[in-house]
Amino acid sequence: NTNVAMYWGQGSDQKPLRYFCDEESIDIIPIGFVNVFPDQKGANGYPGTNFGNACGGSYYKSPDGKETRLLESCPLIGRDIKYCQAQGKKILLSLGGGSPDVYLASDSSAKDMADFIWAAFGPAKEDWEGPRPFGDAGVDGFDFDIESEADKIVGPVDFGYATMVDRLRHLYDQEEATYYISASPQCIIPDSHLSDAISKSIFDFIFVQFYNTPSCSARAGIDHSYGAYGGPATDISYDSWVDHVKTNSANKEAKIYMGLAAAAPATFGEMYLSPEEAVQLVEKFQSKWPTMFGGVMLWEATFSENNQYKGMSYGKHIKKGLES
Ligand SMILES: CNC(=N)NC(=O)NC
């Protein structure tokens, strides 16, 4: 319960993934993002990806010649995934990330998307003839960072994600190796996009974003007037998330991570916590919920790297605090 999960892939002028895998203070790296879902405009039935400066080049063309928004080949990311896994780190591919092109139109498209991302990004299989953007590198699982939905959506904003997670679990069950599924909800309960899936399907990790909504933020855990706007005292909603997982989730042992911004520019207002403030909150909840506390999630690798303090990155300070 001392893991640091740090997102990578959307940093401005970011260093390659392998740079962060030399950091022993990072245990799990969700890579962002699959930012286009198959039913969206211009997707032509395929998921689409964006990894910032880490992958450019051509988009995959479907067998019937249609352009998709799926980056066809990201060999450096593939190389670095293998490097990271050799250092014992888990690499997850993150879906969504606040993109406006995220929406599942039907249960069958939810299942089809699960099948596709598994075949394209999971363990390499002999009989797969479709795209393998990371080559023969296979991710250790998928992260559901669903924060938005397409404007054309007609159904509920949480539709399809439980189906997709169940389908991934079905595929995982056929493997010897262990694969993971995480969710990255906002701190308000219930999370509009993910609580349905969390209640019905098995997630291993819940990376709660305690840096987007003032009233349930980590800052409110330090200053109980933050986000109150004249109303009742505020607080970080970590305890409520423990209760929510214990009473409303399909996996009552899911590990709950304290999601923090890794630098002030990674968030807004007073949301950013200094390393000292962050460690103070970590120690409180790590000792209060020793079996549920999974560690800290940080948004985002480049922000952490650029936030050097007393000779160490923010992420390193957090890792030391987790181990103290
Ligand atoms: C602006 N979007 C985000 N900050 N997203 C996340 O922090 N995802 C984990």
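Residues numbered from 1 in each chain as written. Predicted model: local features only at pLDDT ≥ 70, side-chain atom pairs only at ≥ 80, totals over all residues. Heavy atoms only, no water.

Asks: Is there a simple way to think about the pattern of salt bridges in this case?
Replies: Pairs may arise between side chains of opposite charge once their charged atoms sit close together. The final tally for this structure, using the stated rule, is 16 salt bridges. The salt bridge involving Asp-80 is made with Arg-79; its shortest N-O contact spans 2.8 Å. The buried category is assigned to Asp-80, whose relative accessible area is 2%. One network of salt bridges, with partners in common, ties together Arg-18, Arg-79 and Asp-80. (Salt bridge = Lys/Arg side-chain N within 4 Å of Asp/Glu carboxyl O. Buried < 20%, exposed > 50% of the residue type's maximum accessible area, 1.4 Å probe, protein only.)

Asks: What's the story with the state of the cysteines in this structure? I'm lost.
Replies: What makes a disulfide is a covalent bond joining the sulfur atoms belonging to two cysteines. Evaluation of the coordinates by the stated rule reveals three disulfides. Numbered by position along the chain, the disulfide-linked cysteines of the protein connect as 1-4, 2-3, 5-6. (Disulfide = S-S within 2.5 Å.)

Asks: What's the story with the side chain of Ser-94 in this structure? I'm lost.
Replies: With respect to the element layout, Ser-94 can be found in strand 5 (residues 90–96). Taking relative accessible area as the criterion, Ser-94 reaches 0% and is therefore assigned buried. At 2.6 Å, the side chain of Ser-94 forms a polar contact with the side chain of Asp-143. Ignoring sequence-local partners within four residues, the contact set of Ser-94 consists of Tyr-7, Pro-30, Ile-31, Gly-32, Phe-33, Val-34, Asp-143 and Asp-145. (Helix = DSSP H or I, 4+ residues; strand = E, 2+ residues; numbered from the N terminus. Polar contact = N/O pair within 3.5 Å; in protein donor to acceptor, adjacent residues only side chain to side chain. Contact = heavy atoms within 4.5 Å.)

Asks: Help me understand the packing of helix 3 (residues 107–121) against helix 4 (residues 161–172) in this model?
Replies: Helix-helix packing is described using two parameters, namely the angle between the two axes and the distance between the axes. Running from amino to carboxyl end, helix 3 crosses helix 4 at an angle of 40°, the nearest separation of the two axes being 8 Å. With respect to their mutual orientation, helix 3 and helix 4 come out oblique. For the pair helix 3 and helix 4, the sense of crossing is right-handed. Where helix 3 approaches helix 4, its residues Asp-107, Ala-110, Lys-111, Met-113, Ala-114, Asp-115, Ile-117 and Trp-118 are matched on the opposing element by Thr-163, Met-164, Arg-167, Leu-168, Leu-171 and Tyr-172. Among the residues making up the contact of helix 3 with helix 4, the classes are represented as nine nonpolar, one polar and four charged. (Axes fitted to C-alpha atoms, helices over the stretch in contact; angles between N-to-C directions. Parallel < 35°, antiparallel > 145°, perpendicular 65-115°, else oblique. Left-handed = near helix turned anticlockwise from the far one by under 90°. Nonpolar A, V, L, I, M, F, W, Y, C, P; charged D, E, K, R; others polar.)

Asks: Explanation requested: the environment of Lys-125 in the structure shown.
Replies: With respect to the element layout, Lys-125 can be found in the loop between helix 3 and strand 6 (141–145). Residue Lys-125 is classed as partly exposed on the basis of its relative accessible area, which comes to 38%. For the pair Lys-125 and Asp-136, spaced eleven residues apart in sequence, the C-alpha to C-alpha distance is 8.8 Å. The residues touching Lys-125, leaving out its near neighbours within four places in the chain, are Trp-118 and Glu-175.

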